[in-house]
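Given next are the chains, with one letter for each unit.
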Amino acid sequence: MEKGNLSINSENILPIIKKWLYSDSDIFIRELVSNATDAITKLQKLISMGEASMPEGTTYRITVSIDKENKQIKVTDNGIGMTADEIKQYINQIAFSGASDFLETYKEKLGEGSDIIGHFGLGFYSSFMVADKVQIDSLSHKEGAVPARWICEGGIEFEMGESDKASTGTTVTLYVNDESLDFLEEYKIKEILKKYCNYMPVEIYFDVIKPEEEPKDDDIIDAEADADEIINADADEDDATDKKDAPKPINNTSPLWLKQPKDCTDEEYKAFYHEVFTDFNEPLFWIHLNMDYPFRLKGILYFPKLKHELDSIEGQVKLYNNQVFIADNIKEVIPEFLLLLKGTMDCPDLPLNVSRSFLQNDGYVTKMSNYITKKVSDKLNSLFKKDRENYEQFWDDISQFIKYGCIKETSFYDKIKDAILFKTTNNIYTTLPEYLERNKEKHENKVFYVTNENQQAQYVKLFKDYEMEAVLLTTKLDVPFIQYIEMHNHGTTFARIDSNVADILNTDTPDDNKDSKESLEALFRLALDNEKLKVDVQGLKSDSISGMIILDEQSRRMQEMGSMFGGINMMGFDMFGNEETLILNKNNNVVKLLLQLKDDESRKEDVHLICKQVHDLAMMSHKPLAVEAMSDFIGRSNRILEMIASHNHTV
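(A) Highlighting the overall build of the protein. Looking only at helices and strands, one finds 21 helices and 21 strands in the protein. Looking at the protein as a whole, 49% of its 651 residues qualify as buried. Restricting to contacts in the protein with at least 6 residues of sequence separation, those with at least 24 account for 72%.

As structure tokens, then:
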């Protein structure tokens, strides 16, 4: 047998592959099956050009088999095949870019888990991640070709000679090393095939070789071909039974994204969604991407029901290249905010490096990303304009996605801004311009919002008493979102429902309450032992409200920011100040009673008790009480109940 050396830049190349690619070692299946698919595709192309021929009725297929007893994995195709000279050209020369800097580059990135295949396209040589020895048996489609065998045992030496392969195509045999024996488990290989090869364009079959079987390299394909002949011969006699017993491919060669959108039914879209994502919930709606120029892109993006909080949303957009799975959620191709969705995208023109793994971020990718963003915004705008009723029903489920998309991509906001909705305390959905127009007589260019309907119920009721409305913004994402909206809508401001609404709700003039304000402020400061407490008195429509806390919107935002970044109590003081004001309702009977008893020394203890209770009740509608304050409130409430019970008993 002829012997020679591999043409590579370092004799340490294969140990490096094994060491640095071990975490992604399952990629060898994808590479070998992809190469087999390429071999079949090339042969079919030559046949269509009249430059090759195969027996009529040939069924093209790939078979992946495992032989646990002999520690072998085989990948067999009946594609174009290779001559000995072609094996020397394609296999013995490992070409990659930046060869001279290879070792030094990866020495520096050792801790980063770099994917060498992704960077340098070693493809076939990924086999050595799991095998100590690899054997190729191939017979070219060319007339008079001699079958060739190539063997390499993980170093730089190889052996070549004649093979006993009898049919056109290639078989790659991996002699699995002891560290990778889990790849000989049936469930493991099936899992990998489903992950990478589930939608490859050539039928893939899986076979487990039993200990008593000793097939030759070609027996697998020949046996399957025989099975096809038997099925065809007996079709008229017992077609249904034979087809049930015949081997079935493990993949779907015609995924739904390859069809024209007009040819797909809603049932097919839903079935495909369940198949790919094993999600039992129905998707809300979907977008079928079908682009041929200036680049090819096909795919389906699904809008699932999104959870309330952004950090609990787990989307999954699967990227394919010519039906070969590349990876989930590649941000270089797919705008980051779209990764909250679920979908499949097949990009045949994707600018990969030599292999199918590493994505180059260039102008092509930017154009593709812009196209996807436009298609999504077009779909949403269409739903909003043509079917607003349904769009409003979807809104709660997709609002997180849209808000996040606006913040992440200004271009997306520019396209979708007219279709952004807000749900109000009146349980209607409104756009920003609609809300501002509807409320301009009461508060021009200002949007009031609620962050917690239960906690802020008192303020919501007060707003309704004044025939006013606020929008519901109840998630963490809403804080940066409203700041983003303010930045892009100059003159429009957002204010929480417990901010400075006093001027809007009060019907009195400032002088009407001057004396009451001074008296009650002094009383409450003394009762609460807080000389800095700000108190105001106003006449509110509802006499059931004794008091409420208001806080300037900007001050509150600064406090929240300070809490987030540790700004509160830095260097021993509150760097953002405390602008909370206690608003007392002079129309409330409790407040009236306090004004009457404020100078009664015999009731001083009771008055102070009531002042504290009024303050805490107001504070509880504004924000949760601290642990100690809540404990005091509960104890004080019990004392008040005892006083009432005792008074009633005496009477």
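Don't stop here, the text continues.
(B) Broad picture of helix α20 (residues 604–620). For α20, spanning 17 residues, the distance from its first C-alpha to its last is 24 Å, which sits close to the expected 24 Å at 1.5 Å a residue. Among the residues of α20, those classed as buried are Val607, His608, Leu609, Cys611, Gln613, Val614, His615, Asp616, Ala618 and Met619.

(C) Geometry of the packing of helix α17 (residues 514–528) against helix α19 (residues 589–597). Where α17 contacts α19, the axes come no closer than 10 Å and their chain directions differ by 85°. As far as their axial angle goes, α19 and α17 are roughly perpendicular. In this structure, α17 contributes Ser516, Ser519, Leu520, Leu523 and Phe524 to the contact, and α19 contributes Val591, Leu594 and Leu595. Across the contact of α17 with α19, the residue classes tally to 6 nonpolar, 2 polar and no charged.

(D) The nonpolar core, seen in detail. Among the nonpolar cores identified, the biggest contains 99 residues, and Leu380, Phe401 and Ile402 are the most heavily contacted of them. If you tally residues by element for this core, the top one is helix α10 (residues 363–386), at 9 residues. Not counting the four nearest positions on each side in its chain, Phe401 is found in contact with Phe303, Leu306, Phe337, Leu338, Leu340, Leu341, Val376, Leu380 and Phe412. Counting 63 residues, the second-largest nonpolar core is a separate cluster that includes Leu32, Val64, Met129 and Trp257.

(E) The pairing of strand β5 (residues 148–152), seen in detail. For β5, the tally of buried residues reaches 4 of 5 residues, placing the bulk of the element in the interior. Examined bridge by bridge, β5 and strand β6 (residues 157–162) share 5 bridges and lie antiparallel to one another. If you follow Cys152 over to β6, its bridge partner there is Phe158. Here β5 folds back onto β6, and the loop between the two strands holds 4 residues, one of which, Gly154, carries a positive phi near 90°.

(F) The packing of aromatic side chains, seen in detail. In total, this model carries 30 aromatic pairs according to the counting rule given. For the pair Phe422 and Phe494, a centre-to-centre distance of 6.2 Å together with 45° between the ring planes defines the contact as tilted. Placement of Phe422 in strand β14 (residues 422–423) and of Phe494 in strand β18 (residues 493–496) is noted, with a sequence separation of 72 residues between them. Of the two residues examined, Phe422 and Phe494, each falls in the buried class. An angle of 55° between the planes, with centres 6.5 Å apart, marks the rings of Tyr449 and Phe494 as tilted. Taken as a pair, Tyr449 in strand β16 (residues 446–450) and Phe494 in strand β18 lie far apart in primary sequence, 45 residues in all. For Phe494, a relative accessible area of 2% puts it in the buried group. Ring pairs connect the aromatic residues Tyr196, Tyr199, Trp257, Phe272, Tyr320 and Phe325, which therefore count as one cluster. Above the face of the Phe183 ring, Lys188 is positioned so that its terminal group lies 5.3 Å from the ring centre.

(G) Just the packing of α19 against α20, in detail. One way to put it is that α19 packs onto α20 with a least axis distance of 11 Å and a crossing angle of 145°. Both α19 and α20 take part in a crossing whose hand is left-handed. Between α19 and α20, the residues in contact are Val590, Leu594 and Leu597 and Val607, Ile610, Cys611 and Val614, respectively. Within the contact of α19 with α20, the residues separate by chemical class into 7 nonpolar, no polar and no charged.

(H) Region of interest: the pattern of salt bridges. For the structure shown, the criterion picks out 34 salt bridges. Across the pair Glu86 and Lys142 runs a salt bridge, and its minimum N-O distance is 3.1 Å. A residue pair is termed long-range when its members are at least 10 positions apart, and Glu86 in helix α3 (residues 84–90) and Lys142 in the loop between β4 (131–139) and β5 qualify at 56 residues. Its relative accessible area of 15% is what places Glu86 among the buried residues. You can call Lys142 partly exposed: its relative accessible area is 42%. A salt bridge links Arg149 to Asp137, with the nearest nitrogen and oxygen atoms 2.6 Å apart. Of the two residues, Arg149 is situated in strand β5 and Asp137 in strand β4; the sequence distance between them amounts to 12 residues. Residue Arg149 is classed as partly exposed on the basis of its relative accessible area of 21%.

(I) Expanded view of the environment of Leu582. Locating Leu582 in the fold gives a position in strand β21 (residues 581–585). Judged by its relative accessible area of 1%, Leu582 is buried. Sequence spacing of Leu582 and Ala618 is 36 residues, and the spatial spacing of their C-alpha atoms is 7.6 Å.

(J) Representation of unusual backbone geometry within the structure. A positive phi angle, close to 65°, is found at Asn427, a residue other than glycine. Along the chain, Asn427 falls in the loop between β14 and β15 (429–430). A relative accessible area of 54% places Asn427 in the exposed class. Even without glycine at this site, Asp529 takes up a positive phi of about 55°. Positionally, Asp529 belongs in the loop between α17 and β19 (534–538).

(K) Geometry of the sheet that holds strand β11 (residues 316–321). Ordered by their spatial adjacency, 5 strands build an open sheet running β9-β10-β13-β11-β12, and the pairing between neighbours is mixed. Only two strands of the sheet have a single partner each, and these edge strands are β9 (285–291) and β12 (324–328). The mean inter-strand angle of the sheet, taken between neighbouring strand axes irrespective of direction, is 15°. Bridge count between β11 and β12: 4 bridges; the pairing is antiparallel. Among the inter-strand pairings, Tyr320 is bridged to a residue of β12, identified as Phe325. The sheet strands contacting helix α9 (residues 266–277) are β9, β10 (297–303), β11 and β13 (342–346), and the helix crosses β10 at an angle near 85°.

(L) The sheet that holds β18, seen in detail. A sheet is described by the order of its strands in space; here 3 strands give the open sequence β17-β16-β18, paired in parallel fashion. Each edge of the open sheet is held by one strand with a lone partner, namely β17 (471–472) and β18. Relative to β18, β16 runs parallel, the two being bridged by 4 bridges. Each bridged residue has a counterpart across the sheet, and for Phe448 the counterpart in β18 is Ala495.

Cut-offs applied
- Residues numbered from 1 in each chain as written.
- Predicted model: local features only at pLDDT ≥ 70, side-chain atom pairs only at ≥ 80, totals over all residues.
- Heavy atoms only, no water.
- Helix = DSSP H or I, 4+ residues; strand = E, 2+ residues; numbered from the N terminus.
- Buried < 20%, exposed > 50% of the residue type's maximum accessible area, 1.4 Å probe, protein only.
- Contact = heavy atoms within 4.5 Å.
- Expected span 1.5 Å × (residues − 1).
- Axes fitted to C-alpha atoms, helices over the stretch in contact; angles between N-to-C directions.
- Parallel < 35°, antiparallel > 145°, perpendicular 65-115°, else oblique.
- Nonpolar A, V, L, I, M, F, W, Y, C, P; charged D, E, K, R; others polar.
- Core = buried A, V, L, I, M, F, W, Y, C linked by side-chain atoms within 4.5 Å.
- Pairing = 2+ DSSP bridges.
- Phe/Tyr/Trp six-rings, centres within 6.5 Å; stacked < 30°, edge-to-face > 60°.
- Lys NZ or Arg CZ within 6 Å of the ring centre and 35° of its normal.
- Left-handed = near helix turned anticlockwise from the far one by under 90°.
- Salt bridge = Lys/Arg side-chain N within 4 Å of Asp/Glu carboxyl O.

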